[in-house]
Amino acid sequence: MTTSQRMIKNLYRDSVALMQFSEKLRALEGIKQASAVMATENNISLLVEAGLLAAAVPPSPNDLLIVVEASDETTAGSALDSAEAMLKAKSADSGEGGVRRVPPRSIEMGLESMPSANFVLISSPGEYAAAEARKALQLGLHVMMFSDNVSMEEEIPLKQYAREHDLLVMGPDCGTAIINGIPLGFANVVRRGNIGVVAASGTGLQQVTSLIDRFGCGITQAIGTGGHDLKSEVGGITMLQGIEALTKDKATKVILLVSKPPSSDVMNKVLDKARQSKKPVVVEFIGADPAGITGGNIFGVKTLEDAAFASVLISKGKTVKKFSSILPAKYRSLVKPAQKRLKKGQKYIRGLFSGGTFCYETVLLLSESLGKVYSNTPIKKEEKIPNVWESLEHTVIDLGDDLFTQGRPHPMIDFRLRNERIVQEAKDPATAVILLDIVLGFGSNMDPAGELIPAIQQAQKIASKAKRNIVFVGSVCGTESDPQNLSLQESRLQEAGVILTESNAQAARLAAAIVDRS
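Residues numbered from 1 in each chain as written. Predicted model: local features only at pLDDT ≥ 70, side-chain atom pairs only at ≥ 80, totals over all residues. Heavy atoms only, no water.

**A few points about the environment of Ala 129**
Argument step 1. With respect to the helices and strands, Ala 129 occurs in helix α5 (residues 126–138).
Argument step 2. With 43 residues separating them along the chain, Ala 129 and Pro 172 place their C-alpha atoms 8.4 Å apart.
Argument step 3. Residues contacting Ala 129, with those up to four places away along its chain left out, are Ile 122, Ser 124, Met 145, Ser 147 and Val 150. (Helix = DSSP H or I, 4+ residues; strand = E, 2+ residues; numbered from the N terminus. Contact = heavy atoms within 4.5 Å.)

**Describing empty space enclosed by the protein**
Argument step 1. Under the definition given, this model contains one cavity of 30 Å³ or more.
Argument step 2. Together, Leu 399, Phe 404, Thr 405, Arg 408, Pro 409, His 410, Pro 411, Asp 414 and Leu 417 line the largest cavity.
Argument step 3. Class assignment for the residues of the lining of the largest cavity results in five nonpolar, two polar and two charged. (1 Å grid on protein atoms, 1.4 Å probe; cavity = no way out; pocket = protein on both sides within 12 Å on 5 of 7 lines; lining within 4 Å. Points joined across faces, edges and corners; volume = space filled by probe spheres on them. Nonpolar A, V, L, I, M, F, W, Y, C, P; charged D, E, K, R; others polar.)

**Brief notes about the state of the cysteines**
Argument step 1. Following the criterion strictly, the structure yields zero disulfides and no others.
Argument step 2. A disulfide-free cysteine, Cys 359 has its sulfur positioned 15 Å from the sulfur of Cys 477, the nearest such atom.
Argument step 3. Here Cys 359 falls in the buried class, since its relative accessible area comes to 0%. (Disulfide = S-S within 2.5 Å. Buried < 20%, exposed > 50% of the residue type's maximum accessible area, 1.4 Å probe, protein only.)

**Considerations on the sheet that holds strand β4 (residues 119–122)**
By definition, the strands of a sheet pair up through backbone hydrogen bonds, in either a parallel or an antiparallel sense.
Argument step 1. Read from one edge of the open sheet, three strands run β4-β5-β6, paired in parallel fashion. Both edges of this open sheet fall to β4 and β6 (169–170), since each of them pairs with a single strand only.
Argument step 2. The sheet contact formed by strand β5 (residues 142–145) and β6 spans two bridges and is parallel. Paired with Met 144 across the two strands is Met 170, which belongs to β6. (Pairing = 2+ DSSP bridges.)

**Here we look at the side chain of Gln 207**
Argument step 1. Tracing the chain through its elements places Gln 207 in helix α7 (residues 202–214).
Argument step 2. On the basis of relative accessibility, which here comes to 3%, the residue Gln 207 falls in the buried class.
Argument step 3. Setting aside residues no more than four positions away along its own chain, Gln 207 makes contact with Leu 304, Phe 358, Cys 477, Ser 503 and Asn 504.

**Digging into the pattern of salt bridges**
Argument step 1. Evaluated as defined, the whole model comprises 19 salt bridges.
Argument step 2. In this structure, Arg 6 engages Asp 81 in a salt bridge whose closest nitrogen and oxygen atoms are separated by 2.8 Å. With Arg 6 in strand β1 (residues 2–8) and Asp 81 in helix α3 (residues 73–88), the pair connects residues that are 75 residues apart, well separated along the chain.
Argument step 3. Exposure remark for Arg 6: the relative accessible area of 23% places this residue in the partly exposed category. (Salt bridge = Lys/Arg side-chain N within 4 Å of Asp/Glu carboxyl O.)

**Points about the packing of aromatic side chains**
Argument step 1. Overall, the coordinates contain four aromatic pairs when judged by the stated rule.
Argument step 2. Taken together, the aromatic side chains of Phe 215, Phe 309 and Phe 323 make up a single cluster linked through ring pairs.
Argument step 3. Here the guanidinium or amino end of Arg 134 rests over the ring plane of Tyr 161, the centre of that ring lying 4.9 Å away.
Argument step 4. Sitting above the plane of the Tyr 360 ring, Lys 260 keeps its charged end 4.6 Å from the centroid. (Phe/Tyr/Trp six-rings, centres within 6.5 Å; stacked < 30°, edge-to-face > 60°. Lys NZ or Arg CZ within 6 Å of the ring centre and 35° of its normal.)

**So, the nonpolar core**
Argument step 1. Core analysis: the biggest nonpolar cluster contains 67 residues, and Leu 256, Val 433 and Val 473 have the highest contact counts within it.
Argument step 2. Once you skip the residues sitting within four places of it in the chain, Val 473 turns out to touch Val 433, Ile 434, Leu 435, Leu 436, Val 498, Ile 499, Ala 507, Leu 510 and Ile 514. (Core = buried A, V, L, I, M, F, W, Y, C linked by side-chain atoms within 4.5 Å.)

**Thoughts on the sheet that holds β1**
Argument step 1. The strand order across the open sheet formed by three strands is β1-β3-β2, and the pairing between neighbours is antiparallel. At either margin of the open sheet sits one strand with a lone partner, and together these are β1 and β2 (31–39). Strand-to-strand twist across the sheet, computed as the mean angle between neighbouring axes with direction ignored, equals 15°.
Argument step 2. Here eight bridges tie β2 to strand β3 (residues 60–70), and the two strands are oriented antiparallel to one another. Paired with Ile 31 across the strands is Ala 70, a residue of β3. (Axes fitted to C-alpha atoms, helices over the stretch in contact; angles between N-to-C directions.)

**Focus: the packing of α7 against helix α13 (residues 356–370)**
Argument step 1. Running from N to C, α7 and α13 point in directions that differ by 80°, and their axes come no closer than 6 Å. Between α7 and α13, the crossing angle belongs to the class labelled roughly perpendicular. In contact with Thr 203, Gly 204 and Gln 207 of α7, α13 contributes Gly 356, Thr 357 and Phe 358.
Argument step 2. Considered class by class, the residues forming the contact of α7 with α13 number one nonpolar, five polar and no charged. (Parallel < 35°, antiparallel > 145°, perpendicular 65-115°, else oblique.)

**Description of a negative patch on the surface**
Argument step 1. A surface patch of like charges, here negative, comprises Glu 153, Glu 154, Glu 233 and Asp 265.
Argument step 2. The residue Asp 265 is located in helix α9 (residues 264–277) in this model. (Patch = residues over 30% accessible without salt bridge, like charges linked within 9 Å, V, L, I, M, F, W, Y side chains within 5 Å. Areas by Shrake-Rupley, 256 points an atom, 1.4 Å probe, with all protein chains shown as cover. Lys, Arg positive; Asp, Glu negative; His and termini not counted. Charge placed at Lys NZ, Arg CZ, Asp CG, Glu CD.)

**What about the pairing of β4?**
Argument step 1. Residue alternation in β4 divides its side chains into a buried set, Val 120 and Ile 122, and an unburied set, Phe 119 and Leu 121.
Argument step 2. As paired elements, β4 and β5 share four bridges and run parallel to each other. Its bridge partner lying in β5, Ile 122 is registered against Met 145.
Argument step 3. For the segment spanning β4, α5 and β5, crossover handedness is right-handed. (Right-handed = clockwise from strand over helix to strand, strands pointing away.)

Written out as structure tokens, the structure is:
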């Protein structure tokens, strides 16, 4: 194998486009690994850590760096040539008379071409994102910062400025939002309705909005806050603004809040603001005690599925009763047939997740019934997996963690790492269940089933040679209107032998029931 690189001067693409472009390069014959990034100091460091660059090159943030690992130098050179040609291809979009429209190269230029705009999405390298956000705010624009690697020291004054000027900053590292029916970042196509969402979790927001759609209702707005918003230092500025905005919005009848447990001082602020709303507010602080949250107009829930269903019931004027943690009958009937396929020594769950919130929720639910669950996002410090590349007993891994995405696109786009891990887990005679999340929507892989099925089939062949079976359990987060189509993806996965549930929570509970033979 050989590794080659090429720098393309004065060419910019946002991070989502580059992740998808990197996936196309890896699909070329003879290419083992490929990455296209803006040549920032941080991106170069990540490529070195991932082994794609032997040594750091001088950073050049305005330039685009392509690195490929190929079977030989000829293949690598050909791939780089193809990549550069694709990136430099002239736009076919021209105006009348053959005058080519120049794309805006700044927020100011964009605003000149669209003077009615009041919102900007920023997906520039992290070291420049804060400065661009400041420019946008000073121009009177609301901001969604898809960019990560922005410090809290930069985030706090941006959000304070926005609050003072009646503007909203979603992010940094805000991966998902749906504003006025438009999916932004990694988001799903959901119907409009009367439920408004504010979430500090990208995949958490995707799960609740997709389930609300599945349950026959819709949303007004889905506001992402970014992962740091509910820390004491930031003070929940965006979530508090989101609650206030949805309170004033006449179309919103129910407000839904989603996050991992905030800092205690911020939680009190958020709950106080929710009480002031007087609208029904469903709260899912993943891992927090729902009973300690519930009271007055606030209804605390335990899972993302419960959050979506409670919101739907309330939006229809129905009473919400306490949710059960018992596996529904339609899934209980699947437990014994699955258990009969397993040998005595097969006793562990191996969860391989692309969504960090799905991973965290799964660890919580599995721990309740199975006890110790190792993870790179553990509930208890002593259950942090010693080696993320090798499972230990019950193990649930977030493959979207920075360690895994260094030099690679996010696992919702690129399935290669997860597929390799599926095959690896199948070789372990103790593996009983491989638990998966599959996330649809804009930004995600256009055919998750097509990517996963060959790995699933290979895993089953490995197990079959050893006279074993692997039980695959999962859930698909998405809607019928998503580009990948929910029904199509589910049917193909089921044909490949995957047992699917409607939600991540039920998939976790089903997996736990299968391995619990007490």
